[in-house]
Amino acid sequence: MSPRQTLAGKRLLLIVGGGIAAYKALDLVRRLKERGASVHAVLTAAGARFATPLSLAALTGEPVRENLFSLTDDARMGHIELSRDADLIVIAPATADLLAKAANGLADDLASTLLLATDKRFVAAPAMNLRMWLHPATQRNVATLVAEGARFVGPNDGEMACGEFGPGRMAEPLEIVAAVEAALASPTAIPLPAGVGVRASSGPLAGKRVVVTSGPTHEAIDPVRYIANRSSGKQGNAIAAAAAAAGAEVVLISGPVGVAFPAGVEIHRVETAMEMLDAARRALPADIFIAAAAVADWRVAAPAKGKLKKGANGPPRLELVENPDILATIGGLGANRPALVVGFAAETSDVVLNARKKLASKHCDIVVANDVSPENGVMGGDENTVHLVDAKGVDSWPKLRKEEVAGRLVEALARRIGGPVK
Ligand code: C5P
């Protein structure tokens, strides 16, 4: 029987330090994943001598990061983002060196830089020789980290690889899992002092919560194939960035995209329409909901468990079922409906007419309509020509960069929602 999904949807960043206990980190990954967590792993240089990147990648199902200055990694996810994307950081095994770096703010490799740059708390499972653990320097570092909100699990007493007996053995994977569950039961975000941070405390959307859906969705056909579309996520990203710059608290729910996410917004990565709907519901209550995602209209009724094979029977027949309409669902909510619900209408003909229909059918206050005929290069491009359609009429804007469209849209929303004017 598989264990209860106590970590469903939780994103964990696992830092694997150097030590013989690193082999247990592999079992830990398995235990975390079977409880529903996703795990990104970072290996220190010493960690890589005990656990191979390959085995960690195979078990986490994610690329393993080792270097601070790996351009290929950074193109996908910078170290700041990597450190903030997780709900919680787990250090297992936590070496004396890692703890010393964390307690003293050193940042000379990827793991220590992540620990300094992160906005989340960590759970550490120390493993080291007992004299190293009992050394006043280590104990001082642990006390400092605990005072700052870190949690420790272990070390346990026992016989060590070096032959000595005492405290120093890394806690067992299930003990670490329990510590992770306990840590996640309380807020894991490290607050910034008032008045700093990317989020403006003033601005036309100050005090408002904005939820943005963005990017495409991927609907699985089998474990390796999916149905998708050409949405880049650029427009949704730009809207999230503009709303954050206007002082809003922003949640960006994004399908798989290749562009970097804006700073200062809470990111929820999803793959499918069903996951996007779930994330959107969970992000409520909000003041403004903006559906900029290009959600797949259909999903495969029963995705194949194994890779579909070419064969004598010819191409497989895919039975499709309709996905829920996220915008219509949120627009149609009763008490929990955001005050402003904004949809997009990507059309190739009768742009404004179709947008008007969507205004009613999807219960939104505004539809941002754009012509996505291939000759306009909107999908994946940097510019957009849109019409703002609401119950009163149409406001057509000239061709603008997506960032400018986002800025103007946010201004229009701020005017309607009546936030304090700058
Ligand atoms: O019907 P159509 O896909 O053209 O509607 C586009 C608008 O509806 C966009 O705002 C899109 O984000 C939203 N939508 C949605 N869920 C769907 C389909 C579309 O939220 N399943």
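The residue count restarts for each chain, going from 1 along the sequence in the order it is written. Where totals are concerned, whole chains, interfaces and linings use all residues; where local detail is concerned, this predicted model gives features only for residues with pLDDT of at least 70, and gives and counts side-chain atom pairs only at 80 or more. Side-chain calculation: all heavy atoms of the structure are included, whereas hydrogens and water are not.

Student: Please clarify how the pattern of salt bridges should be interpreted in this entry.
Tutor: Note on pairing: side chains with opposite charge can pair once their charged atoms come close. Any Lys or Arg side-chain nitrogen located within 4 Å of an Asp or Glu carboxyl oxygen qualifies as a salt bridge. Taken as a whole and judged by the stated rule, the model has 18 salt bridges. Put simply, Arg35 and Glu34 hold a salt bridge, and the shortest N to O gap is 3.5 Å. The class of Arg35 is buried, set by a relative accessible area of 12%. Where Arg337 meets Asp365, a salt bridge forms, and the shortest distance between an N and an O atom there is 3.1 Å. Of this pair, Arg337 sits in the loop between helix H12 (326-331) and strand S16 (340-347) while Asp365 sits in the loop between helix H13 (351-361) and strand S17 (366-371), and the two are 28 residues apart along the sequence. Note on exposure labels: buried denotes an accessible area under 20% of the residue type's maximum, exposed denotes more than 50%, and partly exposed covers the range between, all computed with a 1.4 Å probe on protein chains only. We classify Arg337 as partly exposed; its relative accessible area is 23%. The class of Asp365 is partly exposed, set by a relative accessible area of 25%. Counted as one network, the salt bridges with shared partners bring together Asp27, Arg30, Arg31, Glu34 and Arg35. Helix and strand labels come from DSSP, where a helix needs a run of H or I of at least four residues and a strand needs a run of E of at least two; each type is numbered from the N terminus.

Student: Teacher, can you tell me more about the domain arrangement of the chain here?
Tutor: A common measure of how large an interface is: the accessible area buried when the components associate. In this entry, domain limits derive from an automatic or database-based domain assignment. According to the domain assignment, the chain contains domain 1 (11-184) and domain 2 (209-416). Its C-alpha centre places domain 1 at a distance of 36 Å from the equivalent point of domain 2.

Student: Sorry, what's going on with the site of the ligand here?
Tutor: One heavy atom within 4 Å of a molecule or strand is enough for the residue carrying it to be called near that molecule or strand. Neighbouring the ligand are Ala291, Ala293, Val295, Pro324, Asp325, Ile326, Leu327, Gly343, Phe344, Lys358 and Lys362. Polar contacts, as used here, are pairs of N or O atoms within 3.5 Å; protein pairs need one atom able to donate a hydrogen and one able to accept it. Residues neighboring in sequence count only if both atoms are side-chain atoms. Contact between the ligand and Pro324: a nitrogen atom at 2.8 Å from a main-chain N or O atom of the residue. One nitrogen or oxygen atom from the main chain of Ile326 is found 2.9 Å from a nitrogen atom belonging to the ligand. Relative to its unbound accessible surface of 450 Å², the ligand loses 85% to contact with the protein. All accessible-area figures derive from a Shrake-Rupley calculation using a 1.4 Å probe, and residue coverage is judged against the displayed protein chains alone.

Student: It is not clear to me how the sheet that holds strand S4 (residues 122-126) should be interpreted in this structure. Could you clarify?
Tutor: The strands making up a sheet associate through hydrogen bonds between their backbones, and the pairing can be parallel or antiparallel. Should DSSP find at least two bridges between two strands, the strands are regarded as paired. Across the sheet, which stays open at both edges, the 5 strands sit in the order S2-S1-S3-S4-S5 with parallel pairing between neighbours. A single partner strand is all that each edge strand has here, and the edge strands are strand S2 (38-43) and strand S5 (151-152). Where strand S3 (residues 88-94) lies against S4, 4 bridges are found, and the strand directions are parallel. Following the sheet pairing, Val90 is matched in S4 by Val123. Pairs of residues are marked as contacts when any of their non-hydrogen atoms sit within 4.5 Å. Only C-alpha atoms enter the line fits that serve as axes; for helices the fit covers just the stretch in contact. Angles between N-to-C directions range over 0 to 180 degrees. Set on the sheet, helix H9 (residues 173-184) makes contact with strand S1 (11-16), S3, S4 and S5; between it and S3 the angle comes to about 155°.

Student: What is the right way to read the layout of surface pockets from this model?
Tutor: The method is simple in principle: a probe with the dimensions of a water molecule rolls over the atoms, and the space it marks as empty is what remains. The distinction between a cavity and a pocket rests on a 1 Å grid over the protein atoms alone: a 1.4 Å probe fits inside a cavity but cannot get out, while a pocket stays open yet meets protein on both sides within 12 Å along at least five of seven lines, and a residue with an atom within 4 Å of a point counts as lining. Grid points are joined across faces, edges and corners, and a volume is the space filled by probe spheres set on the points. Here the second largest pocket defines a volume of roughly 840 Å³. Together, 38 residues line the second largest pocket, and Ala293, Ala294, Val295, Phe344 and Ala346 are the ones closest to its centre. For the lining of the second largest pocket, the secondary structure elements donating two or more residues are helix H10 (234-245), H12 and S16. Amino acids outside the nonpolar list (Ala, Val, Leu, Ile, Met, Phe, Trp, Tyr, Cys, Pro) and the charged list (Asp, Glu, Lys, Arg) are all regarded as polar, and Gly is one of them. Classifying every residue of the lining of the second largest pocket gives 18 nonpolar, 12 polar and 8 charged.

Student: Honestly, the packing of H10 against helix H14 (residues 402-417) in this entry has me stumped. Any pointers?
Tutor: Direction vectors running N to C along H10 and H14 enclose 45°, while the axes themselves pass 8 Å from each other. Considered as vectors, H10 and H14 are oriented oblique to each other. In this structure, H10 crosses over H14, and the sense of that crossing is right-handed. Touching Lys234, Gln235, Ala238, Ile239, Ala242 and Ala243 of H10 are Lys402, Glu403, Val405, Ala406, Gly407, Leu409 and Val410, all from H14. Residues that form the contact of H10 with H14 fall into these classes: 8 nonpolar, 2 polar and 3 charged. Oblique is the label for any angle not under 35 degrees, not over 145, and not in the 65 to 115 range, which are roughly parallel, roughly antiparallel and roughly perpendicular in turn. Crossing handedness is defined as follows: a turn of the near helix away from the far one that is anticlockwise and smaller than a right angle gives a left-handed crossing, while the clockwise case is right-handed.

Student: Would you mind going over unusual backbone geometry with me for this structure?
Tutor: Excluding glycine, residues mostly carry a negative phi; peptide bonds, for their part, are mostly trans. The residue after Ala92, namely Pro93, is reached through a cis peptide bond having omega -5°. By secondary structure assignment, the location of Pro93 is in strand S3. Cis rather than trans, the peptide bond between Gly154 and Pro155 has omega equal to 5°. Despite not being glycine, Asp350 has its phi angle at roughly 45°, a positive value. Looking at the element boundaries, Asp350 is found in the loop between S16 and H13. Even without glycine at this site, His363 takes up a positive phi of about 55°. As for its placement among the helices and strands, His363 is situated in the loop between H13 and S17. The partly exposed category is assigned to His363, whose relative accessible area is 39%.

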